[in-house]
Amino acid sequence: MAAHTPSGTSYVRAQAVAPLPPPLVESGAIGWLRTALFSGPLNIVLTILSGALIVLIVPPLLNFLIFDATWSGADREACLARPDRPVVGACWAFIRERLGYFIYGFYPIAERWRVDAFFVLLTIGIIWLLAPTARRRTLGAIYFFVVMPVLACVLLLGWPAIGLPEVSTTQWGGMLVTVVVSGVGIVFSLPIGIVLALGRRSRMPLVKLFSVIFIEFVRGVPLVTVLFMASVMLPLFVPEQWSPDKLLRALVGVALFASAYMAEVVRAGLQAIPRGQYEGAMAVGLSYWRMMGLIILPQALRVTIPNIVNSYIALFKDTTLVFIVGIFDFLRTIEAARVDPKWATPVTSTTGYAFAAIVYFICCYLMSRYARDMEARLTTTHRR
Amino acid sequence: MSRAGADEKPAISPLHDPRWRSAVYQVLLCAVIVFLVYSAVDNAAQNLQRARIASGFDFWHRTAGFDISQTLIDYSTVSTYGRAFWVGLLNTLLVAGLGIIIATIIGFIVGIARLSKNALVSRLAGGYVEVIRNLPLLLQLLFWYNAVLKALPELSDSLVLPGGAFLNNRGLFLPQPVAGAGFSVVPLMFVIGLAGALLFRVWAKRRQERTGLQAPILLATFLLVIGLPLAAFLLSGVPIEFGYPEKGRFNIRGGIEILPEFMALLFGLSIYTAAFIAEVVRAGILAVSHGQTEAAYSLGLRPGQTLRRVVIPQAMRVIVPPLTNQYLNLTKNSSLAVAIGYPDLVQIFAGTVLNQTGQAVEVIAITMAVYLTISLVTSLLMNWYNARIALVER
Amino acid sequence: MDQPTSPPRLRPAKLKTDVAIDIIGMHKWFGDFHVLRDINLRVMGGERIVICGPSGSGKSTMIRCINRLEEHQRGRILIDGMELTGDLRRIDEIRREVGMVFQHFNLFPHLTVLENLTLAPIWVRKMPKKDADDIAMHFLRRVKIPEQAHKYPGQLSGGQQQRVAIARALCMNPKIMLFDEPTSALDPEMVKEVLETMVQLAEDGMTMLVVTHEMGFARQVANRVVFMDEGQIVEVNTPEEFFAHPQHERTKLFLSQILQ
Ligand SMILES: Nc1ncnc2c1ncn2[C@@H]1O[C@H](COP(=O)(O)OP(=O)(O)OP(=O)(O)O)[C@@H](O)[C@H]1O
Ligand SMILES: [Mg+2]
């Protein structure tokens, strides 16, 4: 090897240097530990502090959720501290017993299969629409946005003529209501949001004005007030005989609220479409609706999928607010069950909330993972 | 459909003239909206008449007759509905203001921690953001309120905190500082210190421009604004007394009482919003390209100077707009107070007042107008700020 | 503002020793990847070195090691007799003496051109603002764009931005200038104006290390051309010899590709 300094005017390397392994401290687990955790005093202090925080949080959490938990039992006795068991963790027995209530609310037990069927229909729709390899998406969209909602209405509300007894929405509850509310929000917010977004970008001043007023108004006030408005003002605004039921009022509120947010998401997508696409579409003589429907919207929605999913996550979390106008969604059933004297123990509330947290976390996390994957896919296919 | 007529100028049938079409669309839209509004108003009038509810804002001056657990201004059961409105609004602003401060602090710490080279720190921060963002705020509020604060010991077994404070399921009871004689010198010194710090900054900047000498502005500001009043406070013999809370058999007397509803809402809102702020901060810092720091380093700027003069000014341009949005979200989310019974605007006004008066239209309209005003004023300020700081491009 | 007929000359700061840069047996790894292998290079004061080589051969990494934007793991780097170590003060000192110009300019978009130029003199050299402004205007005249002083970088053309970047580095009165492909992000007509500025700088006697594929520039100003491949210095020679009689197979291949 030439350890010599080429300071003279000419030098030619006689022999190539083969790549060497890095010095030991730079590679492998030790190198990683050194650079990631223990480089410099500040870093070491930070490592110790966060280590302490983790020790403070994780083991007690695991103890509560798993190791000290009560898995079976008939009533509160099972989950009380006894001399032989001074520390009690989560009372999963309570969740097990009330699971039906958490999922179906007061839906008649004999008719619960209809709810299950609805869940299956919904799952098919979601997979059809979202799976990256799915084919015939357009058909999937028609199924999801038209066919499935109709079937769901018939199934859940009932239609005595074909042998499905009616079930009033006051009997609905739990996960069913959460899914219905977010489903309605999802199904209605996208089309209404698209119309509002197009309206906001329209060249017709009045159309634009109304769209802007609606969007900014709804986005400027809390969902709670929109729900209050829907639940106390809606009945005032329609003739007395039509007075909509409680769930329907909340659904209207949620759908309007979600539409305004969706409109802004779609608008951002529309803005990302380069001018040339519009010009190209107009150049081949497409009318406004053809241009939007065939060229612009498909592209805009494609790049917006991650953001659409993100606003669905927000919507899904926001459905808990129907609680406030007295509807028995999933969270409300937990809230009701946790104070039931049959199960009231010091750990019941925490158990209920832990269960709700796990359910919501899984749903939201899956959605956000999907959004992130889609985003990664979009950026890779769009580059080069 | 025939597409003729595009190039023969004179004879465009109104059916194909874009101006005609758009006029027709707009007239139709107006008609639909006018019809909807008209029938809604008509129905409302009939329905209200049937329920014998007089519309109008007369109720504003009527006696409310209910009590409120937390009031920042004088209020009692004989006060008016109007007064109750102001109490609620102030309570909303209190929790939102404090929440914004706390959420910003936590959010910036977590956001920066996510970018830390220390793997444990960045993962811990990532875990926080991931968990908190994926749980509904209402669930978090209920958890803080019912599972944590309401599960605290009863009054009789109150936790005694250092410094004479009590914590139990009725809230946090803190000693109330009462200014003694001669305390007024402290705020005076604070004002003087503040003025001095401002003058020092101006002087330091001038001198730096003249001679290039740099002054420790941060240290001087700290000494003047904090140190001076503190010194005055100590030198004048600690002129402050505490009204300690005293535990009786059935209640606690004296001191400052902080409601568990307030604490739960404040915690919940701050922790939830902080997770979103952390993401905003992270994105803002990442938006400043690596080349910028490298260029600053290669000019010989220290890491601290690079941060102060190159990274932060650029990151703030990216951070401030979504940050304001989060502040608005926090303010709007404070309306979830109604779920745990903190007496905010919605709980008092859209809840109790509405129920008592039955004047849904007026009450909801006022409530929404408040939030709408806050939102619109903020976004106007934001637009002004954005226009002012926008980077100049060709 | 009138443009002066002849741009002001520059007297580069004097080096303390004869050898501006001495790299001895330097190695660097990115993780397990051995990017720089046994680099040996001695640059005398006032010398102009052009570095070329295929993409990914480690040219950027090498010159970034010289002002510690990258850390080397084995071997030594001496700048004007000072060894580059982890010592933060030493790094500050060396960065003050070594100016760098990047491919993508890296001007600070939130500061005006003048503020870009005076930032480091004010905060690093602790210069009064007036003096810093004077120096900045001096160098702006030198790169022939004094009239742009109060614009923002985003308002300038690429060539103008790169000249501002050169002026910004010069304001710190460096002893050595590093250039990392200063013209490869520019449109052809702007390349000329930047190269002219660099030629002037060379004529004033600045010690320069330039990564570039502008072979005309290499012929005109370089004392030596360094050819790198796979993280190694493969060949070093005067421009005349280098272009006329390349020795190493890799060099021949590379030249045949870029000169055709
Ligand atoms: N921060 C980094 N981490 C890991 N690998 C890197 C990093 N920077 C550069 N590399 C790798 O090191 C090698 C040398 O990179 P370098 O930028 O020095 O090449 P170059 O000769 O300047 O090429 P070009 O002409 O394309 O600029 C490349 O293979 C590159 O992928
Ligand atoms: Mg390079």
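Computed from a predicted model, the values in this text were never measured in an experiment.

Quick notes on the packing of aromatic side chains
To describe a pair of aromatic rings, you give the distance between the ring centres and the angle between the ring planes. Here the structure, examined in full by the defined rule, presents 34 aromatic pairs over all chains. Summarising the aromatic geometry, the rings of C:F227 and C:F254 are spaced 5.0 Å apart at their centres and angled 45° between planes, so their arrangement reads as tilted. Separated by 27 residues along the polypeptide, C:F227 in strand β9 (residues 224-229) and C:F254 in helix α9 (residues 249-259) bring together distant segments of the chain. Residue C:F227 shares its accessibility class with C:F254, and that shared class is buried. Here the aromatic residues A:F94, A:Y101, A:F102, A:F106, A:F316, A:F328, A:F330, A:W343, A:F355 and A:Y360 are joined through ring pairs into a cluster of three or more. The lysine or arginine in question, C:R168, covers the ring of C:F108, its NZ or CZ lying 4.6 Å from the ring centre.

Focus on the domain arrangement of chain B
According to the domain assignment, chain B consists of domain 1 (19-52), domain 2 (81-175 + 260-392) and domain 3 (183-243). Here domain 1 of chain B and domain 2 of chain B have C-alpha centroids that lie 39 Å from each other.

With respect to the site of ligand 1
Residue and element names in this part refer to chain C. In the neighbourhood of ligand 1, the contacting residues comprise F30, F33, V35, P54, S55, G56, S57, G58, K59, S60, T61 and E181. One nitrogen or oxygen atom from the main chain of S57 is found 3.2 Å from an oxygen atom belonging to ligand 1. At a separation of 2.8 Å, an oxygen atom of ligand 1 approaches a polar side-chain atom of K59. Starting from 640 Å² of accessible surface for ligand 1 in isolation, the protein chains cover 59%. Ranked by residue count, the leading element in the shell around ligand 1 is helix α1 (residues 59-66), at three residues. Tallied by class, the residues present in the shell around ligand 1 amount to four nonpolar, six polar and two charged.

Side note on the environment of A:R338
As for its placement among the helices and strands, A:R338 is situated in helix α12 (residues 330-338). Counting along the chain gives 205 residues from A:R338 to A:T133, while the straight-line C-alpha distance between them is 43 Å. Not counting residues within four places of it along the chain, the set of residues in contact with A:R338 comprises A:F94, A:A344, A:T348, A:S349, A:Y353 and B:N146. Within polar-contact distance, the side chain of A:R338 engages the side chain of B:N146 at 3.3 Å.

Points about the interface of chain A and chain B
The partner chain B presents 51 residues to the 55 residues of chain A that form the contact. Each partner contributes to the roughly 4,500 Å² buried at the junction of chain A and chain B, and carbon and sulfur atoms together form 74% of this total. On the chain A side of the interface with chain B, the three residues burying the most area are A:L236, A:K317 and A:Y353, jointly 13% of the side's total. One can count one salt bridge joining chain A with chain B. A salt bridge links A:R372 to B:E130, with the shortest nitrogen-to-oxygen separation between them at 3.1 Å. Between the two partners, chain A and chain B, sit 17 residue pairs in polar contact (both at pLDDT 80 or more). For the side of chain A that touches chain B, the secondary-structure elements that each account for two or more residues are α1 (28-36), α2 (41-67), α7 (205-220), α8 (223-237), α11 (288-318), α12 and α13 (348-382) of chain A. In terms of residue class, the side of chain A that touches chain B is made up of 38 nonpolar, ten polar and seven charged.

Examining the packing of helix α3 (residues 113-123) of chain C against helix α5 (residues 158-170) of chain C
All names here are of chain C. Running from amino to carboxyl end, α3 crosses α5 at an angle of 25°, the nearest separation of the two axes being 8 Å. As far as their axial angle goes, α5 and α3 are roughly parallel. Like other packed secondary-structure pairs, α3 and α5 cross with a definite hand, here right-handed. Here α3 contributes V113, N116 and L117 to the contact with α5, which in turn contributes V164, A167 and R168. When grouped by side-chain class, the residues that make up the contact of α3 with α5 number four nonpolar, one polar and one charged.

Notes on the sheet that holds strand β6 (residues 98-101) of chain C
Strand order in the open sheet formed by seven strands is β1(A)-β10(C)-β9(C)-β3(C)-β8(C)-β7(C)-β6(C), with mixed pairing between adjacent strands. Edge positions in the open sheet fall to β1 (11-12) of chain A together with β6 of chain C, since each of these has one partner strand only. Alignment of strand β3 (residues 48-52) of chain C against β9(C), held across four bridges, turns out to be parallel. When the sheet's bridge partners are listed, C:C52 is paired in β9(C) with C:F227. Contacting β3, β7 (176-180) and β8 (207-211) of chain C, helix α6 (residues 188-203) of chain C crosses the sheet at an angle of about 150° to β8(C). Contacting β3, β9 and β10 (232-237) of chain C, α9(C) runs over the sheet at an angle of about 100° to β9(C).

Things to note about helix α7 (residues 260-287) of chain B
Residue and element names in this part refer to chain B. Under the 1.5 Å per step criterion, the end-to-end length of α7 is 40 Å for 28 residues, consistent within 8% with the ideal 40 Å. Its axis deflected by about 25° at A274, α7 carries its strongest bend there. The element α7 is extensively covered by neighbouring structure, given that 21 of its 28 residues are classed as buried.

Structural notes on the packing of α7(A) against helix α1 (residues 18-50) of chain B
At their nearest, the axes of α7(A) and α1(B) sit 8 Å apart, and the two run at 40° to each other. The angle between α7(A) and α1(B) places the two elements in the oblique class. Facing A:P205, A:L206, A:V207 and A:F210 of α7(A), the residues of α1(B) in contact are B:Q26, B:L29, B:C30 and B:I33. Here the residues of the contact of α7(A) with α1(B) sort into seven nonpolar, one polar and no charged.

What about helix α4 (residues 112-130) of chain A?
Residues and elements named next belong to chain A. Here α4 spans 27 Å end to end across 19 residues, near enough to the 27 Å set by a 1.5 Å rise per residue. Residues R112, R114, V115, F118, L121, L122 and G125 constitute the buried set of α4. Buried residues in α4 make contact with α3 (92-104), α5 (137-157) and α6 (174-200).

Overview of the state of the cysteines
Residues and elements named next belong to chain A. Scanning the model with the defined rule gives one disulfide over all chains in all. The side chain of C79 participates in a disulfide bridge whose partner is C91; the two sulfur atoms lie 1.9 Å from each other. Judged by the sign of its S-S torsion, about 70°, the bond between C79 and C91 is right-handed. In this pair, C79 is assigned in the loop between α2 and α3 and C91 in the loop between α2 and α3, connecting sequence segments twelve residues apart. Of the two residues examined, C79 and C91, each falls in the buried class.

Describing the sheet that holds strand β1 (residues 19-30) of chain C
In spatial order, the strands read β2-β1-β4-β5 (chain C); together these four strands make up an open sheet with antiparallel pairing. Taken across any chain shown, the strands that pair with only one partner, and hence form the sheet edges, are β2 (33-44) and β5 (82-83) of chain C.

Cut-offs used in this document
- Residues numbered from 1 in each chain as written.
- Chains lettered and ligands numbered in written order.
- Predicted model: local features only at pLDDT ≥ 70, side-chain atom pairs only at ≥ 80, totals over all residues.
- Heavy atoms only, no water.
- Phe/Tyr/Trp six-rings, centres within 6.5 Å; stacked < 30°, edge-to-face > 60°.
- Helix = DSSP H or I, 4+ residues; strand = E, 2+ residues; numbered from the N terminus.
- Buried < 20%, exposed > 50% of the residue type's maximum accessible area, 1.4 Å probe, protein only.
- Lys NZ or Arg CZ within 6 Å of the ring centre and 35° of its normal.
- Domains from an automatic or database assignment.
- Near = heavy atom within 4 Å.
- Polar contact = N/O pair within 3.5 Å; in protein donor to acceptor, adjacent residues only side chain to side chain.
- Areas by Shrake-Rupley, 256 points an atom, 1.4 Å probe, with all protein chains shown as cover.
- Nonpolar A, V, L, I, M, F, W, Y, C, P; charged D, E, K, R; others polar.
- Contact = heavy atoms within 4.5 Å.
- Buried area = accessible area lost by both parts, 1.4 Å probe.
- Salt bridge = Lys/Arg side-chain N within 4 Å of Asp/Glu carboxyl O.
- Axes fitted to C-alpha atoms, helices over the stretch in contact; angles between N-to-C directions.
- Parallel < 35°, antiparallel > 145°, perpendicular 65-115°, else oblique.
- Left-handed = near helix turned anticlockwise from the far one by under 90°.
- Pairing = 2+ DSSP bridges.
- Expected span 1.5 Å × (residues − 1).
- Bend = angle between axes of the 7 residues up to and from the residue.
- Disulfide = S-S within 2.5 Å.

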